[in-house]
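Coordinate analysis (summary)
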Amino acid sequence: MKCILSLFLGLFLIPLSMAGITEALSQLSSDNYDVRTEGRNELLSLFAEATAPGNEAGELPGMLAEVASATQKDLPIPSRLYLIKTLGLFGTDTSVKPLVLLLDDESPKIRDNAMQAIARIGTDQAVAALVQRLGKAPESERRGLLLALSSSNNETAILTIGRLLHDSDPVLTNLAATALGKMSVEKAIPILLELRNSAPVDQRLVFESALLDIGLNKDIVSDFLQNGSNDSIRVAAYRQLIEMDISAAANFLQSIIGREDAPAHYGFIASAASSNIPQLYKVLTDNIDKLSANDRVLMASAIGDNRASHYEDLLLSFLNDESIDVRLATIDALGWIGTNKSFDAIYAQYLSDKNNDRVRDALTRLNAAAFDQLLIRVLENSGDPIEMIAVVELIALRNTPGTNELISSIATSTDRDPDLRKACLKALETIGNTDSVKLMLGLILAQSDMTRPAQTSLKRLSQNLGNPHKLWLDAYQPALATASSDDQIKDILLILDGVPTQETLDYMLSACAKPQLKQAVLRTLPRWTDYNVALTWLELANSDSSTAEDKATALAGLKRALTHESMKGDIRTKAQVAKQAVLKAKTPEQKLLILNAFKDAGLSNKDKSIVSKEFESLKSDEDVSELLSELIATP
Amino acid sequence: MNSRREFLKKTALLGVSGLAAPIISKASTLGLNGRIGANSRINLAYIGMGLQVKSHLGISNMEGVQPLYVCDVKQDMLSKASGEMTKRGFNEVTATPDYEDVINDPAVDAVVVTTPDHWHAAMAIAAMRAGKDVYVEKPMTLTIEEGKAMVEAEARYGSIIQVGSMQRSNGTFRKAAEIVRNGWIGEIKTAYCKLGSFPPAQLDAPEEIPDGFNYDKWLGPAPFEPYSASRVQGNYGGGWRRHWDYGSRKNGDWGAHHYDIVQWALGRDETGPVKFVPQGYQGEKHAYYEYADGIRVYRDHPDSGKYMIRIQGTEGDVYVSRNGQIMTTPSGFAKQPLGLGDERLYLSKNHQVNWIECIRTRKRTICPASVGHRTGSICLLSGITERLGRPIQWDPENEHIIGDPAASKWESRPRRAGYELPA
């Protein structure tokens, strides 16, 4: 009785985490891989909790012991590997001994994993175990052990790794060199240098990389600059020289100028240029006549990258360069650092090729406030229209502040050059505001030679401003209310897709009462990219005042509204609109036309789920139930 | 200042041909080693011919670029890749299962790495050490340690690296970032990023390794697991990306894109967050990370709305997605041009073109390793908290996890012998 009670009590006293470990471990040998997955996940969860800051003193030792014990058992290899990995992640010194036992396992994968796990524990004891093992390891294991040692990040491993620099196996020597480099072991420099110098040229890279890791002294730098096994090493050496001795770096730079065929020439120039160090730039600028076009491209690029504005004059001199590549790189750089004094030159480029993105970008970003003021003064004093158009384009590009009113007044002045007025309207597309919208509506209502340009610009401006609801209420609706002729209304209807709102659609529908306006509506609606237009098309299709031709157009529009790639919105919105449409549809054919839009689209399973939910209330509609079932069926 | 007429009608300094021709057709070779191909050519190699490389095959057809190699450990992928190259008019591209052939060939100037994440660092660093410039897919690395090694290599060798966070080369995302940078929506409080989820990583019954597939090399540094087709599958819905041994799950998938844009918008490319909290921890419904100034970035929060990213300020919001979708409150910011004095971000209109141009000019790319590493670190640290189920504190200056020795171990990982990280 007492024994049973003790056992009963004992069970309750087993910590939940230990019970969890036991359960998880048992899952790792399941034939069901989902169960194995669950076991792994549970192990991770338990260990994560046990090792959370503040929890370490708890059940962790017991948990580790149980896992360690399980690694020795007859579990599937992948499960054992996972447990070994777990010990590496969460283990302590107590985990080292059981892992060491695994170094004699018959499976090479187990042995390799155990090495890595010991290294990951990374304590002095762990490293000592690996060092001891290395002393008696067979050839096949030594690489893994060395890799494990070098990844331990433990300084006690350095001596052992250092000995492997003399190993007869070049793979081990290379690995040891890499490891010592990563650990920045300065004492290893002489031997690494010796190994490097005695190795064939094509085998020097690993030693040179290790030396770079540790940090070169001047002698080694000098050697690598001339004799590095590849240009990367030469350049890396030069970059270290720049950090350690600028004068020496400058002297070296001087020595390679004009020698484009020298190894790593461009790498040296690029490194010097990107360093942004005045002494190095002085070498480059003092020898500008000896620099090749490529060298100058590197300089210009680096000046832009470094935002080194004090080299603006130098860059300006590059704009006269015979090499187009230099000129282009210079334009890029001036865009970043240029000021008022660069404006003339870049603007001249712009005039010669307004479509060149790089010039436009540079001109747009140029910090030239004084020139903006000049542009405004030019605009205020009437002059050559061609000149004025160029100025207007520039003002729009740079979004010069305080110009909206001036440009607007030119756009509306009937005594100004028509091309200039058009240019102003175009400029307002980007810099205009709600007042500009009203201005353009006024031009349309005026039915003049500016009507067309105003329509184009108004639509673009409306789309750029966004907030179509506000634009409709504040500008469009009042303008339409003042219209005194159908021609005026028609001209506005033709661009109402620029303000896509329900109110706009309602207005357009009401406008269809007049045949002349209906034609304008039928031309505009196909450009609508909002799904709601489908309902408007449906109304038109079912309107008594629609002709047969109108109805056919409307049904085609309806289909387009639910299928065209230009339509904006997600599947849920589309389904919601479609549902409303089906409920309003007058014939089974209309219903099927609407729902076939989804069939044509090819729905993913996720989309089908959304559509199914939205169309729930339609499933009982006999006209569409079969099609719906087909639509939402998943394979 | 010259007369107005004079200044507007100056002879174009760029000559009759102007700037119509892009630099790529005229620039001389400027490779690090000065030995980039004859006649202004960049000799290119691809490593990893799976799902993602399709986005990059067009680089081969850029003027002045010559593909030399396609490389994959799966023979069927290699054959397909060779066929693709032939279709593009390149009949002399070498197909090799060993990336070392690419690295060791001095004729190769530039390498595109589109393997699974766990191979990115080793290949990229080996390529840099061999004097090659690299385009590496995002997320840049699988561990923090690898990220640091890549940043170090980039600085050491002056390599031109482009990390594949290509949303930075998209005007809509750039505009969103500029709106934030210029304070148009006020002080930033919160950001929301939609990442979604992958199916869980499941173990599968072992299958026979297909002929012509070097599975051991595919695993590379990653721990051994028996082969199954679904484990190695390239699949936007999961595949190998479900497994932590090869990727960071959704953190490295959409996270590497969207967290990157948030970093860019906030101007944090040289630093990072200080705290990461996983979903479910003490009732937290959504994972998030937080910067030192309190800006919090949520994952998959309902307040993101319909867009992929939402950045919320004290005076408005900017919402942005792919396909040119951007919305702001107040409205109108999306198309409002920047003005004088506004901060303008790096303009790149095409991520691959930017890389090739920078190879020639040695200008920094829009997403060099130093930037990719900071974003990648966010992805990796998010993954660490997800696995440990508890918050971690991060020191972005010294780049270490603070006060959690168990979590700190996840900053690196052991590598199988034969698949070491090169210096």
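Residues numbered from 1 in each chain as written. Chains lettered and ligands numbered in written order. Predicted model: local features only at pLDDT ≥ 70, side-chain atom pairs only at ≥ 80, totals over all residues. Heavy atoms only, no water.

**Some details on a negative patch on the surface**
- Taken together, the side chains of A:Glu23, A:Asp34, A:Glu38 and A:Glu42 make up a negatively charged region of the molecular surface.
- According to the relative accessible area criterion, A:Glu23 is partly exposed, its value standing at 45%. (Patch = residues over 30% accessible without salt bridge, like charges linked within 9 Å, V, L, I, M, F, W, Y side chains within 5 Å. Areas by Shrake-Rupley, 256 points an atom, 1.4 Å probe, with all protein chains shown as cover. Salt bridge = Lys/Arg side-chain N within 4 Å of Asp/Glu carboxyl O. Lys, Arg positive; Asp, Glu negative; His and termini not counted. Charge placed at Lys NZ, Arg CZ, Asp CG, Glu CD. Buried < 20%, exposed > 50% of the residue type's maximum accessible area, 1.4 Å probe, protein only.)

**So, the pairing of strand β12 (residues 316-320) of chain B**
All names here are of chain B.
- With five of five residues buried, β12 is to be regarded as a mostly interior element.
- Neither face of β12 is open: one carries Gly 316, Val 318 and Val 320, the other Asp 317 and Tyr 319, and all of them are buried.
- Sheet topology note: the strand β11 (residues 309-313)/β12 ladder contains five bridges and is antiparallel. In the strand pairing of β12, Gln 312 is matched with Asp 317.
- In this antiparallel pair of consecutive strands, β11 and β12, the connection spans two residues.
- Sheet topology note: the β12/strand β13 (residues 326-329) ladder contains four bridges and is antiparallel. If you follow Asp 317 over to β13, its bridge partner there is Thr 329. (Helix = DSSP H or I, 4+ residues; strand = E, 2+ residues; numbered from the N terminus. Pairing = 2+ DSSP bridges.)

**Considerations on the interface of chain A and chain B**
- Counting from both sides, the interface comprises 93 residues of chain A and, opposite them, 81 residues of chain B.
- Buried surface at the junction of chain A and chain B, both sides included, amounts to about 7500 Å², of which 58% is carbon and sulfur.
- For the interface between chain A and chain B, the tally reads seven salt bridges.
- Where B:Lys363 meets A:Asp332, a salt bridge forms, and the shortest distance between an N and an O atom there is 3.8 Å.
- In this assembly, chain A and chain B are joined by 26 residue pairs in polar contact (both at pLDDT 80 or more).
- Top contributing element to the side of chain A that touches chain B by residue count: helix α3 (residues 33-50) of chain A, with eight residues.
- Among the residues making up the side of chain A that touches chain B, the classes are represented as 40 nonpolar, 25 polar and 28 charged. (Contact = heavy atoms within 4.5 Å. Buried area = accessible area lost by both parts, 1.4 Å probe. Polar contact = N/O pair within 3.5 Å; in protein donor to acceptor, adjacent residues only side chain to side chain. Nonpolar A, V, L, I, M, F, W, Y, C, P; charged D, E, K, R; others polar.)

**Regarding the pairing of strand β5 (residues 133-136) of chain B**
Residue and element names in this part refer to chain B.
- Side chains Asp 133 and Tyr 135 project from β5 onto one buried face, and the interleaved Val 134 and Val 136 project onto a second face that is buried too.
- Of the strand pairs in this sheet, strand β4 (residues 110-113) and β5 are connected by four bridges, and their pairing is parallel. When the bridges of β5 are listed, Val 111 appears paired with Val 134.
- Where the polypeptide runs from β4 across helix α4 (residues 117-129) and back to β5, its parallel neighbour, the crossover connection is right-handed.
- Summarising the sheet, β5 and strand β6 (residues 161-163) pair through three bridges and their orientation is parallel. Counted as the bridge partner of Val 136 is Val 163 from β6.
- Read from β5 through helix α5 (residues 144-157) to β6, the crossover connection turns out right-handed. (Right-handed = clockwise from strand over helix to strand, strands pointing away.)

Geometric values such as these leave the question of function open.
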